[in-house]
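# Analysis of the macromolecular model
If you want the building blocks of each chain, they are given just below.
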Amino acid sequence: MSRRVYRRPYHLDDSGVPRLPPDEIAVILRGADDLIMRGGRTLLAKVLKGSREKRVLELELDRSPVYGRYREMKPDEILHRIDWVIRHGYLRIEYDYKLPLLVYTPAGWEIEKETFAREKIARLDEMLAVGPPYPTEELKSTNNQVKRRMLEMLLERGDAAYLPVLQAWKRTDSQKMRPEIDRAVRLLRRDDADPHGGDESP
């Protein structure tokens, strides 16, 4: 007879939290990114608080772009906001053996994907500002869905200035992503050569 697993209980409490604005939801989801199936609500609250606890530092969670964003709040106030995000369907809790860990819902992932893609576009801007060689190999470990959203954003901008960094990115990414990056390169080149697409009659 197998032993019964004692799952660590949790209780969601979003009392006193009004409807969170989109930017706060995005902050909490961004903080959760490094904790998906690795940590729970309490650890996320510590990241947002800017805790210097040993576990936060060991996991290098102090490198999160939203580390310390709620530094002025009490821990309970931060946890209530996290629980609001869970209750409203942007995060959920899943158990790994006995531990309750954070997971994105589809709605939450869509927001996080957008946030992460904007961060990575900003990183491309930094690369362009410094000039070649472009360290695009750092993008290889980025989620493919995020990379596809980056390409969509670049095509929406239609700025051919990104062509050099896209060419470098194509050389350093996976075989799966290279055709998609190459397609973006070709579309930007076409737009640069003929902003009207060349399909309309004079």
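Note that this is a predicted model, so its numbers are computed, not measured. (Residues numbered from 1 in each chain as written. Predicted model: local features only at pLDDT ≥ 70, side-chain atom pairs only at ≥ 80, totals over all residues. Heavy atoms only, no water.)

Summarising burial for strand 2 (residues 99-104): 5 of the 6 residues are buried, a large majority. Where strand 1 (residues 91-96) and strand 2 come together, 6 bridges link them in antiparallel fashion. Bridge pairing in strand 2 places Ile93 opposite Leu102. Here strand 1 hands over to strand 2 after 2 residues, with Tyr97 in that stretch at a positive phi of 60 degrees. (Buried < 20%, exposed > 50% of the residue type's maximum accessible area, 1.4 Å probe, protein only. Helix = DSSP H or I, 4+ residues; strand = E, 2+ residues; numbered from the N terminus. Pairing = 2+ DSSP bridges.)

To continue, consider the pattern of salt bridges. The final tally for this structure, using the stated rule, is 22 salt bridges. A salt bridge links Arg30 to Glu119; its shortest N-O distance comes to 2.7 Å. Pair noted here: Arg30 is in helix 1 (residues 22-32) and Glu119 is in helix 5 (residues 106-130), with a separation of 89 residues, a long-range link. Of the residues examined, Arg30 reaches a relative accessible area of 6% and is grouped as buried. Here Asp62 and Arg52 are joined by a salt bridge, their closest N and O atoms 3.9 Å apart. Residue Asp62 is found in the loop between helix 3 (54-58) and helix 4 (75-87), and its partner Arg52 is found in the loop between helix 2 (41-49) and helix 3; the two are separated by 10 residues along the sequence. Classification of Asp62 as partly exposed rests on a relative accessible area of 27%. In this structure Arg52 comes out as exposed when scored by relative accessible area, which is 56%. Linked through salt bridges whose partners overlap, the residues forming this network are Arg30, Asp33, Glu112 and Glu119. (Salt bridge = Lys/Arg side-chain N within 4 Å of Asp/Glu carboxyl O.)

Note that all results are geometric; they support no functional claim without further evidence.
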